[in-house]
Amino acid sequence: MSEILCQWLNQELKVSQTVSPKSFAKAFSNGYLIGEVLHKFALQDDFAEFSESRISSAKLNNFSRLEPTLHLLGVQFDQNVAHNIITEKPGAATKLLYQLYIALQRKKKSVLTGVEMQTMQPLTNTKVQNMKSETFRDQCLSRRRQNEIMAKIQAAIIQIPKPASNRILKALDTQKTLKKKTEAEDVANEIKKFEALIKKDLQAKESASKTSLDTTGQTTADLLNTYSDDDYIKKIQKRLEEDAFAREQREKRRRRLLMDQLIAHEAQEEAYREEQLIHRLMRQSQQERRIAVQLMHVRHEKEVLRQNRIFREKQYEERRLKDFQDALDREAALARQAKIDFEEQALRVKEIHEQIAVERVQARYRKHYSICAEILDQILDLSTKVADYRMLTNNLIPYKLMHDWKELFFNGKPIYEQASLKHLPAKLSAEQLIELEKRDLLDNNDYEDYKVSTDVE
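Residues numbered from 1 in each chain as written. Predicted model: local features only at pLDDT ≥ 70, side-chain atom pairs only at ≥ 80, totals over all residues. Heavy atoms only, no water.

Draft legend 1. Examining the packing of helix α11 (residues 399–410) against helix α12 (residues 430–451) more closely. Where α11 meets α12, the closest approach of the two axes is 10 Å, and the angle between their N-to-C directions is 125°. Taken together, α11 and α12 sit at an angle that is classed as oblique. Relative to α12, the crossing made by α11 is right-handed. Across the interface between the two elements, K400, H403, D404, E407 and L408 of α11 pack against K438, L441, L442, N445, D446 and D449 of α12. In terms of residue class, the contact of α11 with α12 is built from three nonpolar, two polar and six charged. (Axes fitted to C-alpha atoms, helices over the stretch in contact; angles between N-to-C directions. Helix = DSSP H or I, 4+ residues; strand = E, 2+ residues; numbered from the N terminus. Parallel < 35°, antiparallel > 145°, perpendicular 65-115°, else oblique. Left-handed = near helix turned anticlockwise from the far one by under 90°. Contact = heavy atoms within 4.5 Å. Nonpolar A, V, L, I, M, F, W, Y, C, P; charged D, E, K, R; others polar.)

Draft legend 2. Broad picture of helix α5 (residues 79–86). Buried within α5 are the following residues: Q79, A82 and I85. Here the buried residues of α5 occupy an arc of 130° about the axis, which is enough to place them on one side. Phi for E88, located one or two positions after α5, is positive at around 60°. (Buried < 20%, exposed > 50% of the residue type's maximum accessible area, 1.4 Å probe, protein only. Arc of directions from axis to C-beta.)

Draft legend 3. Examining the pattern of salt bridges more closely. Scanning the entire structure with this criterion turns up 10 salt bridges. R65 is the salt-bridge partner of D46, the closest N and O atoms lying 3.1 Å from each other. Here R65 lies in helix α4 (residues 56–72) and D46 lies in the loop between α3 (32–40) and α4, a separation of 19 residues in the sequence. Relative accessible area serves as the criterion here: at 24%, D46 is assigned to the partly exposed category. The residue E313 makes a salt bridge to R309 at a minimum N-O spacing of 2.9 Å. Here the residue E313 and the residue R309 both occupy positions in helix α10 (residues 230–393), the gap between them amounting to four residues, near one helical turn. With a relative accessible area of 32%, E313 lands in the partly exposed category. Each of D46, E49 and R65 takes part in salt bridges that share partners, so that together they form one network. (Salt bridge = Lys/Arg side-chain N within 4 Å of Asp/Glu carboxyl O.)

Draft legend 4. Structural context of the packing of α3 against α4. Following both chains from N to C, one finds α3 and α4 inclined at 40°, their axes separated by 10 Å at the closest point. By the angle between their axes, α3 is oblique relative to α4. For the crossing formed where α3 meets α4, the hand is left-handed. Of α4, the residues touching α3 (which contributes Y32, I34, G35 and L38) are N62, F63, L66, T69 and L70. For the contact of α3 with α4, the class distribution of residues is six nonpolar, three polar and no charged.

Draft legend 5. Seen up close, the nonpolar core. One finds F28 and L100 to be the most contacted residues of the largest nonpolar core, which totals 34 residues. Elements supplying a minimum of two residues to this core: α1 (2–13), α2 (24–27), α3, α4, α5 and α6 (92–110). With seven residues, α6 is the largest single contributor of residues to this core. Look past the residues within four positions of L100 in its chain and what remains in contact with it is I34, V37, L38, L70, L73 and V75. (Core = buried A, V, L, I, M, F, W, Y, C linked by side-chain atoms within 4.5 Å.)

Draft legend 6. Summary view of the packing of aromatic side chains. A complete count under the given rule lists seven aromatic pairs for this structure. Centroid distance F24 to F28: 4.9 Å. Interplanar angle 35°. Geometry classified as tilted. Under the relative-accessibility criterion, F24 is labelled buried at 3%. Take F28: its relative accessible area is 1%, and that puts it in the buried class. Judged by centre distance (5.9 Å) and plane angle (25°), the rings of Y365 and Y369 are stacked. (Phe/Tyr/Trp six-rings, centres within 6.5 Å; stacked < 30°, edge-to-face > 60°.)

What follows is the structure, given as structure tokens:
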């Protein structure tokens, strides 16, 4: 079918662009060639405003101008058909062009222009067509806006990675807890080792101090024995006090170091907990944002469905009104046609009745005329026969002869001889048949008279 349409377009119509079966859908996707075909049949007066561009606004302009002309030709065309042609759906343009080809051939046979076809339509149909063209344009614009909104929504959607499953999260949590436990155990072991080393140092120092005290005691005793100077004793006591103070300071520094390590470990744990909390809050905010985008998308779809439902209800209402108006028009046309047929039938019956009456009068006249003429001819024949006989014989007529003449007269047979019966051919003529009938009639009368012994003299 596409090859036939291509041959029709390229050879007969000679459109501006060569069409092939492979590029059929793409060639008619913007509606320009359809307008050119209608313009060649003098149906698209605004063809100069068509555009060969393939942008969405140009396609909308072309198809909105094509819609009333296609409806005028009776071609099925709506928003879905236009969308299928624009999106180059396989078979959509071929089906539309085939319907257009049939409609244009029908229009070519009827020899009507576009203006005549439009004026022949009722006023209600033109109003409906105008309303349909406006709704078609509004639908295309609404669909275009919907596509733009959907593109904006798609661009605004944040691609959030898919959250891990519960098993993976539990495994990660267990790994983190194990890591924390091992770190805490390592820190505790290090602290124990450090404390053990410090204890060893203290014990060594205490043992050394005890030995030093013992030795110093012995030496002091020895020295006291040898020396009895108070200054030297004071120096030793001062040295011992300084060693005790240094030992206390070392213990304080060790405790301070341990406290600093514990504080740093707690700060690290607190930072880790804050990081986990921020991560969870961020993930929750991303989920909320994704849910908000999905909710906006669902609301948009709901609004689109509501608008489509309203538009479909409006189409149904227009269709019902159109069907009702068409039914009224059909009933009115049928009533007018029935009235015209009844009047024509009554006129034909009247004419037939008058013709039958005239023919009956004429038949009655011809019948009466023929009967009267026949009777008159027979009376004249009988009178002339009697006159001839009396003129020739100058005597009265015999009863038998007069009786035969009367029988012939009463039976409507001619008295004079019509044809000779001496030599009868194979095929008898009408006059010879009449003579045979006369003979049979007279023979029968003679036989009846013989039976009743009638005196014929």
